Amino acid sequence: MTQHPRPMPGLANHTLREEIRDYWSRRSETFDRAFGHRIAPGPEAAAWAQPMRDHLGPEPLRVLELACGTGEVTRLVHDLGHDVTALDFSEAMLAVAKAKHVGKARLRFLLADAGQTMEPTARYDAILCRHLVWTLTEPEAAFTDWHRVLRPGGRLLIYDGDWARPKLSGRWAAKALALWERLSPDPDYDGALGERHAAIMERLPFGDGLTAARLAPMLEAAGFTDIRTQSHEPIARAQRRTNGLRNRLRTRVYQRFILTARKG
């Protein structure tokens, strides 16, 4: 029987990263219209910003935002007075973000891979990211790199969730949304890319689910300390105040979390 060589891990991950980059580049065209990506001003923006206020503190910091996408979180952390480098590996996403923030001081955009930033050692006071960690192809290497680019005592802030399956209390909402989608598809959710998203997810290390409990020991192994989690519920409550029924249901499906840590 002919033996076919297995692809080298690095090459396989490179191919997957390229596929992920292309997927998110295509999503850039409709990204801000999909629930959970655009951050509405008012209560929702305030809820997203509160963990930044709490963990980063009032003094201006040099912040690296990983996977900035279309620049929604960028706006919040920049408006708190920090000096922000917003990084993404999709030129299409960066183009949208740059257009939103043209002319702003204390803000630069960087085309680079969040899993291997290539930024100087100990350059930043803080790193933050939203909905990035679950997409990492080599999470341990990424966390080591993030630890490297932080100065001693630097801070890490992660917003993420378990997108692999509904939480127990969210199954009824997931079923209602599935029925709703069959009867009236949501044009802002890029349905044509749904199967492609699923195919990518099943090949990711966190494709079977990301939780704070799973993430914490990996960060500790990379050198992070003072690892803490907090509820995402204040953000979900704020989203329910300003959205219609379909999107209010979406806030109830998945287990989301906020995690903070420091460089030891």
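In this text the structure is predicted, and so the values were computed from the model without any measurement.

J.: Lay out the confidence of the model for the protein chain in plain terms, naming residues and giving numbers.
T.: Any segment with low pLDDT has predicted coordinates that should not be analysed in fine detail. Taken as a whole, the protein chain shows an average pLDDT of 91; of its residues, 92% reach a score of 70 or greater. In the predicted structure, residues 1-11 sits below a pLDDT of 50 and forms 1 contact with residues beyond four places in sequence or in another chain.

J.: Residues and numbers for the nonpolar core, please.
T.: Soluble globular proteins tend to pack their nonpolar side chains together in the buried interior. Residues L66, V133, F143, W146, I158 and L215 are the most contacted members of the largest nonpolar core, which totals 39 residues. Put simply, the parts of the chain that give this core at least two residues each are α1 (9-27), β1 (62-66), β4 (124-130), α5 (139-149), β5 (150-162), α7 (194-201), α8 (212-221) and β7 (255-263). Of all hydrophobic cores here, the second largest spans 25 residues; its members include I39, A47, V77 and L128.

J.: How would you sum up unusual backbone geometry? Please name residues and give values.
T.: For A67, which is not glycine, the phi torsion reads 55° and is therefore positive. The class for A67 is partly exposed, based on a relative accessible area of 25%. Backbone geometry at A122 places phi at a positive 55°, although glycine is not the residue there. Within the secondary structure, A122 is located in the loop between β3 (107-111) and β4.

J.: For α5, give the residues involved together with the corresponding values.
T.: Those residues of α5 not exposed but buried are P139, A142, F143, D145, W146, H147 and V149. The elements touched by buried residues of α5 are β1, β4, β5, α8, β6 (224-231) and β7.

J.: Just give me the short version of the UniProt feature "domain: Methyltransferase type" (unreviewed entry) in the protein chain, but keep the residues and values in it.
T.: The UniProt record marks residues 64-158 with the feature "domain: Methyltransferase type" (unreviewed entry), using the residue numbering of this structure. This span, residues 64-158, is 31% helix and 32% strand, and a straight line between its end C-alpha atoms measures 12 Å.

J.: Describe in detail the packing of aromatic side chains, supporting the description with residues and values.
T.: The final tally for this structure, using the stated rule, is 3 aromatic pairs. For the pair W163 and Y254, a centre-to-centre distance of 5.6 Å together with 70° between the ring planes defines the contact as edge-to-face. In this pair, W163 is assigned in the loop between β5 and α6 (171-183) and Y254 in the loop between α10 (245-250) and β7, connecting sequence segments 91 residues apart. Residue classification places Y254 among the partly exposed residues on the basis of a relative accessible area of 30%. Lying across the ring of W48, R130 places its NZ or CZ 5.0 Å from the centre.

J.: Quick rundown of the sheet that holds β7? Include the residues and the values.
T.: Adjacent strands of a sheet pair through backbone hydrogen bonds, lying either parallel or antiparallel. Strand order in this open sheet of 7 strands is β3-β2-β1-β4-β5-β7-β6, and the pairing throughout is mixed. Edge positions in the open sheet fall to β3 and β6, since each of these has one partner strand only. Each neighbouring strand pair of the sheet contributes to a mean axis angle of 20°, computed without reference to strand direction. Relative to strand β2 (residues 83-88), β1 runs parallel, the two being bridged by 5 bridges. When the sheet's bridge partners are listed, R62 is paired in β2 with D83.

J.: Give me the packing of helix α2 (residues 43-56) against helix α3 (residues 72-79): which residues, what numbers.
T.: Put simply, α2 and α3 touch, their axes get as near as 10 Å, and they point 50° apart. Regarding the angle of α2 to α3, the classification is oblique. The hand of the α2/α3 crossing is right-handed. Across the interface between the two elements, A45, W48, A49, M52 and L56 from α2 touch V73, L76 and V77 from α3. Residue composition of the contact of α2 with α3, grouped by class: 8 nonpolar, no polar and no charged.

J.: So what about the pairing of β7? Which residues, and what values?
T.: Taken across its 9 residues, β7 has 7 buried, putting it largely inside the fold. Of the strand pairs in this sheet, β5 and β7 are connected by 8 bridges, and their pairing is antiparallel. Looking across to β7, one finds that L157 is bridged to T260. Strand direction decides the pairing type here: β6 and β7, joined by 6 bridges, are antiparallel. Each residue of the ladder has a partner; that of T225, found in β7, is R262.

The rules we used
- Residues numbered from 1 in each chain as written.
- Predicted model: local features only at pLDDT ≥ 70, side-chain atom pairs only at ≥ 80, totals over all residues.
- Heavy atoms only, no water.
- pLDDT = per-residue confidence, 0-100.
- Contact = heavy atoms within 4.5 Å.
- Core = buried A, V, L, I, M, F, W, Y, C linked by side-chain atoms within 4.5 Å.
- Buried < 20%, exposed > 50% of the residue type's maximum accessible area, 1.4 Å probe, protein only.
- Helix = DSSP H or I, 4+ residues; strand = E, 2+ residues; numbered from the N terminus.
- UniProt positions renumbered as here; feature names shortened; annotations may be inferred.
- Phe/Tyr/Trp six-rings, centres within 6.5 Å; stacked < 30°, edge-to-face > 60°.
- Lys NZ or Arg CZ within 6 Å of the ring centre and 35° of its normal.
- Pairing = 2+ DSSP bridges.
- Axes fitted to C-alpha atoms, helices over the stretch in contact; angles between N-to-C directions.
- Parallel < 35°, antiparallel > 145°, perpendicular 65-115°, else oblique.
- Left-handed = near helix turned anticlockwise from the far one by under 90°.
- Nonpolar A, V, L, I, M, F, W, Y, C, P; charged D, E, K, R; others polar.

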